[in-house]
Amino acid sequence: MARGSRSSDWQVMRRCLAIICRVQRGPCDWRALVEAVCAVEGPEAYGEVTGALLQRRVQNDLRRIREHLLIEIGFSHQAGGYVIRGIWLPLLDLPDDDLLTLAWLERVFDLQSPQHDEVQGLIDRLRSYLDPQRRGMLDRQSRSVQLELIRRDDEEICPTLLERLGHALTHRQRIEFDYLSPTYADGVPRRHRVDPQHCWFDTAYGHFYLQGWCHYSEGPSGREDCADYRTFRLGRISNLAILPDKLPPTLPPARRYAVIYELAAEIARGGVSRHAHIDIHSIERQPDDSALVHGTTESVFWATQELIHYRHRCRVLGGAELLHEMRRTVRKMSELYESE
């Protein structure tokens, strides 16, 4: 059996670096690792061996990467290939200016921005390659950027609140705060216990919002269980306290509500617009050029806000929660104008 020539230490190092670079690109099988190595070192990178012996030499390089470069690369059945499982030696460092740029991207490309998932995925990947100290600096830069962006809010927001909220989001800790909603007829704030998820700036309304998993609220009528995601305007939050409770690795999945609405022909023939809070699943063109739209939303409130701007050119047909909220809103508006 051919064993191939003994590799020099530098050849081994270049093979290991080629493997690391290839895995950073995405999951792949061991043959793709060999192709990446050969692209750097030539077709004789592993000698004239094939099959099980060639695979064993790739495994030996993976062992060297783990033992000497402190990077764990293993096969993931879920990802369908080799992935980086753990990093004890940083793969990346960046100038402070680049960290600030990443922080701006992270805050500016919020959930309402196009390509949010792609931008956030890139930043998370780069963050994972940094050492803990530089990751901490990126987190601090991100909080600083958020403070700068929040200055765009039409309401005055307490700097202490922002600092505590930023700490809770970064360190994944539960919070409690008083919240004064305009829907409270008695004008008394309610105390909420929340697992914070993220903040974003709504350009249409000029305010910053916090979304989180709300456990319950307490007010004049006692405790009201929630167990669902809620949205809170930062300018209406006060007396925020960080609790010692750490958040679970993953928050509960958000409840999805059905959305069905009909757009009039004069709107639909120009194309059906996408919405930040409505995921459109299908669009059925009607003979009269109107459109029947089916989708889902995580927030009946925000879906109502987005659809009501169509005024009389949009008719909500379902689901039950959205139709109820739209009817309630339209009825209140009708009462307002009929009373004059």
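For clarity, every value in this text was computed on a predicted model and none was experimentally measured.

Colleague: Provide a residue-level description of the pattern of salt bridges, including the pertinent values.
Modeller: Across all of its chains, the model carries 22 salt bridges by this definition. With its nearest N and O atoms 3.0 Å apart, the salt bridge here joins Arg 255 to Glu 321. One end of the pair, Arg 255, is in the loop between strand E7 (237-246) and strand E8 (257-263); the other, Glu 321, is in helix H10 (residues 320-338), and 66 residues separate them in sequence. For Glu 321, a relative accessible area of 32% puts it in the partly exposed group. With a closest N to O distance of 3.1 Å, Arg 315 and Glu 262 form a salt bridge. Of the two residues, Arg 315 sits in strand E11 (residues 314-318) while Glu 262 sits in strand E8, which places them 53 residues apart along the sequence. Each of Glu 176, Asp 178, Arg 191 and Arg 193 takes part in a single network of salt bridges with overlapping partners.

Colleague: So, the sheet that holds E7: which residues are in play, and what are the values?
Modeller: Across the sheet, five strands lie side by side as E6-E5-E4-E3-E7; this open sheet has antiparallel pairing. Where the open sheet ends on each side, the last strands, each with one partner, are strand E6 (222-233) and E7. The sheet shows a mean angle of 30° between the axes of neighbouring strands, direction not considered. Of the strand pairs in this sheet, strand E3 (residues 173-179) and strand E4 (residues 190-202) are connected by five bridges, and their pairing is antiparallel. Counterpart to Phe 177 in the pairing with E4 is His 192.

Colleague: Summarise the packing of aromatic side chains; cite the residues concerned and give the values.
Modeller: Counted by the stated rule, this structure contains six aromatic pairs. Considering the side-chain rings of Phe 177 and Phe 232, the 5.0 Å spacing of their centres and the 85° angle between planes classify their relative orientation as edge-to-face. Of this pair, Phe 177 sits in strand E3 while Phe 232 is found in strand E6, placing the two residues 55 residues apart along the sequence. Taken together, the ring pairs connect Phe 177, Tyr 179 and Phe 232 into an aromatic cluster. For the cation-ring pair, Arg 190 lies above Tyr 184, with the distance from its terminal atom to the ring centre recorded as 4.2 Å. Above the face of the Tyr 216 ring, Arg 223 is positioned so that its terminal group lies 3.7 Å from the ring centre.

Analysis parameters
- Residues numbered from 1 in each chain as written.
- Predicted model: local features only at pLDDT ≥ 70, side-chain atom pairs only at ≥ 80, totals over all residues.
- Heavy atoms only, no water.
- Salt bridge = Lys/Arg side-chain N within 4 Å of Asp/Glu carboxyl O.
- Helix = DSSP H or I, 4+ residues; strand = E, 2+ residues; numbered from the N terminus.
- Buried < 20%, exposed > 50% of the residue type's maximum accessible area, 1.4 Å probe, protein only.
- Pairing = 2+ DSSP bridges.
- Axes fitted to C-alpha atoms, helices over the stretch in contact; angles between N-to-C directions.
- Phe/Tyr/Trp six-rings, centres within 6.5 Å; stacked < 30°, edge-to-face > 60°.
- Lys NZ or Arg CZ within 6 Å of the ring centre and 35° of its normal.

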